[in-house]
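Residue-level structural notes
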There are 2 protein chains.
Amino acid sequence: MPDFPLLKNDLILRAARGEPTERAPVWIMRQAGRYLPEYRALRAEDEFFTVVRTPELAAEVTLQPLERIPLDAAIIFSDILVVPQALGMEVEMVKGTGPHFPRPLDGPADLDRLRSPEDAAGDLEYVYTALSVTRRQLGGRVPLIGFCGAPWTLMAYMIEGGGSKTFARSKAWLYAHPEASHRLLQRITDVLAGYLVRQADAGAQLLQVFDSWAGLLTPAAFRSFALPYLRDLAGRVRAERPGVPLIVFARGANYALPDLAEAGYDVVGLDWTVDPAEARAAVAGRVALQGNLDPCALYASPAVIREEVERMLDAFGPGAHIANLGHGLHPTHDPAHVGVFVEAVHELSAAQRPG
Amino acid sequence: MPDFPLLKNDLILRAARGEPTERAPVWIMRQAGRYLPEYRALRAEDEFFTVVRTPELAAEVTLQPLERIPLDAAIIFSDILVVPQALGMEVEMVKGTGPHFPRPLDGPADLDRLRSPEDAAGDLEYVYTALSVTRRQLGGRVPLIGFCGAPWTLMAYMIEGGGSKTFARSKAWLYAHPEASHRLLQRITDVLAGYLVRQADAGAQLLQVFDSWAGLLTPAAFRSFALPYLRDLAGRVRAERPGVPLIVFARGANYALPDLAEAGYDVVGLDWTVDPAEARAAVAGRVALQGNLDPCALYASPAVIREEVERMLDAFGPGAHIANLGHGLHPTHDPAHVGVFVEAVHELSAAQRPG
């Protein structure tokens, strides 16, 4: 384990463990990204995956939001689709439309095209280097979050070949090729387990698993094709690196909150369509919660943003809460309004808690 | 009231009223549409809104699926966006991308551009004619469903100007212009109330309200900007035409099921992400339920489709159930598999029910 600078702000680590904190820590999904002019300037010169694969650039982008906004965590600039790439699939980022796989998986026979989990985890060295570089440059200001896509979400992209309104091709696999679906999901899980452990060793102090397309599944399909792999992943990472808090964010799978609370994660992320008080009841104190302001609230005036933050904090109640949006920032968000959100969380959550 | 042919199959009307039926009635959202080669052939000659605005063509398309599939209801071929058109907004259907408003509402001042509710409901004469023509051509085989978009969903399109992943512009209105949002929602509701009453008078035997974008709202925003208008709409139609069952389908707003069960509708539609048994508990017998097979299940083999139908019917239990998918058919669905779904509902639900 390298010798990293001493951590000065451990709020998010304490909140993730369910310990009381003097105020709610806050970070934001996509806090490094297109809403920042300095990010757009850097991207004018380099392609998306060039930034991701160049540790110095990834570190620079990761730190950009912290230079202007008092966030309580950094999250490494990367993409969940580096794992399909490491498995041997080509992925391009197409301007304006998002990721595109020129050759998505067409049927179960295509599983033979994929590289072994060992080869895949080894191919991701550039992520580990980016984490170490960033952790050093952070100088202990705040903790550094590593992440990956969940098995089902990565499977969905690998079959669909990009974003989709319905993900009909990948969902059709679950019905038509259940056995091959399980094989693929296990293969992805095997890669992810090693990937997260190595992220922790490289400097990640929390790890978040994004199940972005969980909400497209029926509850039965979630229990059969998503949950077991989320659980397996958490169990394996926990066994190897017990000190690193784990966060799961299964967007849209609000019906699954009680299951997610028992899946081996420390924190469950909420999207903005859940009432935080109902979520607290559903998870029954077993995990900390993260979220969940509607990203669109940041289009309102600073006064309205503060009101919405207050309403959110009241609904979560004090303690075991990591403030965040219920989804990532949009490219059209105003960085000044993002700052208003973060400062409102700091100020109002401190006022809410006993001295 | 015109003298229409006697109804031979009233299963869906009885199920909507919560009466026991010997088997579950079934219809499918988008049952008239692009998955049918005969629809694509007709559309090769006429633009989408030409078909909608030409009663003979709308009737022909409405009846197409019934010629090959033993559905228990017809739904008039139309579009929820005819109401924004009637309010004076231009809407084009762009091939491959969907609806497009060249001049969406830009701010509260644009509300002055909209026509009055009376003028708008009068402009929709072609829908009423299409319903009467279709009802006559149906010859009493099955009931005819009329529909409209819900106030929030229509507002979302009118501001956004088309489909969107986040509907950020329209959601930003809710936070930035709450008063103007309420004025717009009330204006739309006023049009819809007259529109639904006149659909019933023209021959519609059930009426469905589609709140397609309800799932983008926070629970608080749903209670403030969607639910009151859904309730107002149902109350006004019910007061004027008490005999016509009302269905509400608020996609993605599963947190709102208990509220929807008290909003004045006879039937609440479910998307595929809700467990029907949990939905039964949430609505506590106050309404019939409609839905909710995952549309992607129809990509599987006939044997798997039958298994999934059986699982769905078991979860709903006998009675007060109108079978449907949890969302509309996709253009890539195979009409033969759609037939397997409908026949499986007929056969398996009959077997499930006493004598």
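Worth saying up front: this structure is predicted, and the values here are computed from it rather than measured. (Residues numbered from 1 in each chain as written. Chains lettered and ligands numbered in written order. Predicted model: local features only at pLDDT ≥ 70, side-chain atom pairs only at ≥ 80, totals over all residues. Heavy atoms only, no water.)

A separate point is the pairing of strand β6 (residues 246–249) of chain A. Residue and element names in this part refer to chain A. Residues of β6 alternate between two faces, with Leu246 and Val248 on one and Ile247 and Phe249 on the opposite face, all of them buried. Both strand β5 (residues 206–210) and β6 contribute to a ladder of four bridges, which runs parallel. Bridge pairing in β6 links leucine 207 to leucine 246. After leaving β5, the chain enters helix α11 (residues 219–240) and then returns to the sheet as β6, a path that is right-handed. In terms of strand pairing, β6 meets strand β7 (residues 267–269) through three bridges, oriented parallel. (Buried < 20%, exposed > 50% of the residue type's maximum accessible area, 1.4 Å probe, protein only. Helix = DSSP H or I, 4+ residues; strand = E, 2+ residues; numbered from the N terminus. Pairing = 2+ DSSP bridges. Right-handed = clockwise from strand over helix to strand, strands pointing away.)

On to the interface of chain A and chain B, then. Between chain A and chain B, the contact holds 26 residues from the first and 26 residues from the second. Between chain A and chain B, a total of about 2,100 Å² is buried, with carbon and sulfur atoms accounting for 65% of that surface. Its largest share of buried area at the contact with chain B, chain A owes to A:Tyr175, A:Trp272 and A:Thr273, together 26% of the area lost on that side. As a salt-bridge pair, B:Lys171 and A:Asp294 come within 2.8 Å of each other at their nearest N and O atoms. Summed over the shared surface of chain A and chain B, the result is six residue pairs in polar contact (both at pLDDT 80 or more). Residue assignment for the side of chain A that touches chain B shows that the elements contributing at least two residues are α9 (168–176), α11 and α14 (302–316) of chain A. Partitioning the side of chain A that touches chain B into residue classes produces 15 nonpolar, five polar and six charged. (Contact = heavy atoms within 4.5 Å. Buried area = accessible area lost by both parts, 1.4 Å probe. Salt bridge = Lys/Arg side-chain N within 4 Å of Asp/Glu carboxyl O. Polar contact = N/O pair within 3.5 Å; in protein donor to acceptor, adjacent residues only side chain to side chain. Nonpolar A, V, L, I, M, F, W, Y, C, P; charged D, E, K, R; others polar.)

A separate point is the packing of helix α8 (residues 151–160) of chain A against α9(A). Residue and element names in this part refer to chain A. Contact geometry for α8 and α9: axes closest at 7 Å, N-to-C directions at 115°. As the angle between them shows, α8 and α9 are arranged roughly perpendicular. Relative to α9, the crossing made by α8 is right-handed. Between α8, through Trp152, Met155, Ala156, Ile159 and Glu160, and α9, the contact on the second element is made entirely by Ala168, Arg169, Ser170, Lys171, Trp173 and Leu174. Among the residues making up the contact of α8 with α9, the classes are represented as seven nonpolar, one polar and three charged. (Axes fitted to C-alpha atoms, helices over the stretch in contact; angles between N-to-C directions. Parallel < 35°, antiparallel > 145°, perpendicular 65-115°, else oblique. Left-handed = near helix turned anticlockwise from the far one by under 90°.)

Residues and elements named next belong to chain B. Spatially, β1-β4-β5-β6-β7-β8-β9 is the arrangement adopted by the seven strands of the open sheet, whose pairing is parallel. The open sheet is flanked by β1 (74–75) and β9 (321–325), the only strands paired with a single partner. Sheet topology places β1 next to strand β4 (residues 144–149); two bridges connect them, and they run parallel. By the bridge assignment, alanine 74 is partnered in β4 with leucine 144. Against the sheet, helix α7 (residues 125–138) engages β1 and β4, with an angle of about 155° to β4.

Looking now at the pattern of salt bridges. Residue and element names in this part refer to chain B. With the rule as written, the count across this model stands at 40 salt bridges over all chains. Where arginine 238 meets aspartate 266, a salt bridge forms, and the shortest distance between an N and an O atom there is 3.1 Å. Of this pair, arginine 238 sits in helix α11 (residues 219–240) while aspartate 266 sits in the loop between α12 (257–260) and β7 (267–269); the two residues are 28 residues apart in sequence, bridging distant segments of the chain. With a relative accessible area of 26%, arginine 238 lands in the partly exposed category.

Residue and element names in this part refer to chain B. One can describe the packing of helix α14 (residues 302–316) onto helix α15 (residues 335–352) by two numbers: an axis separation of 9 Å at closest approach and a directional angle of 45°. Here α14 lies oblique to α15, going by the angle between them. Crossing handedness for the pair α14 and α15: right-handed. Each of Pro302, Ile305, Arg306, Val309, Glu310, Met312, Leu313 and Asp314 in α14 lies in contact with α15, whose residues at this interface are His337, Val340, Phe341, Ala344, Val345, Glu347, Leu348, Ser349 and Gln352. Considered class by class, the residues forming the contact of α14 with α15 number ten nonpolar, three polar and four charged.

Here we come to the packing of aromatic side chains. Residue and element names in this part refer to chain A. This structure, assessed with the given rule, holds 20 aromatic pairs over all chains. An angle of 55° between the planes, with centres 5.5 Å apart, marks the rings of tyrosine 39 and phenylalanine 77 as tilted. In this pair, tyrosine 39 sits in helix α2 (residues 37–43) while phenylalanine 77 sits in the loop between β1 (74–75) and α5 (82–86), placing the two residues 38 residues apart along the sequence. A relative accessible area of 3% places tyrosine 39 in the buried class. With a relative accessible area of 8%, phenylalanine 77 lands in the buried category. Consider the rings of phenylalanine 210 and phenylalanine 249, whose centres lie 6.4 Å apart with planes at 85°: the pair is edge-to-face. (Phe/Tyr/Trp six-rings, centres within 6.5 Å; stacked < 30°, edge-to-face > 60°.)

Once that is clear, we can look at the confidence of the model for chain A. On average, residues of chain A score 96 in pLDDT, and 99% of them are at 70 or above. Confidence estimates for the predicted assembly give a pTM of 0.96 and an ipTM of 0.94. (pLDDT = per-residue confidence, 0-100.)

This part is about unusual backbone geometry. The bulk of non-glycine residues show a negative phi, and the bulk of peptide bonds are trans. Going from A:Gly291 to A:Asn292, the amide bond is cis rather than trans, its omega being -10°. By the element assignment, A:Asn292 lies in strand β8 (residues 288–293). Although it is not a glycine, A:Phe167 sits at a positive phi angle of roughly 50°. Mapped onto the secondary structure, A:Phe167 falls in the loop between α8 and α9. Even without being glycine, B:Arg30 reaches a positive phi, approximately 65°. Position of B:Arg30 among the secondary structure elements: in the loop between α1 (11–16) and α2 (37–43). Take B:Arg30: its relative accessible area is 59%, and that puts it in the exposed class.

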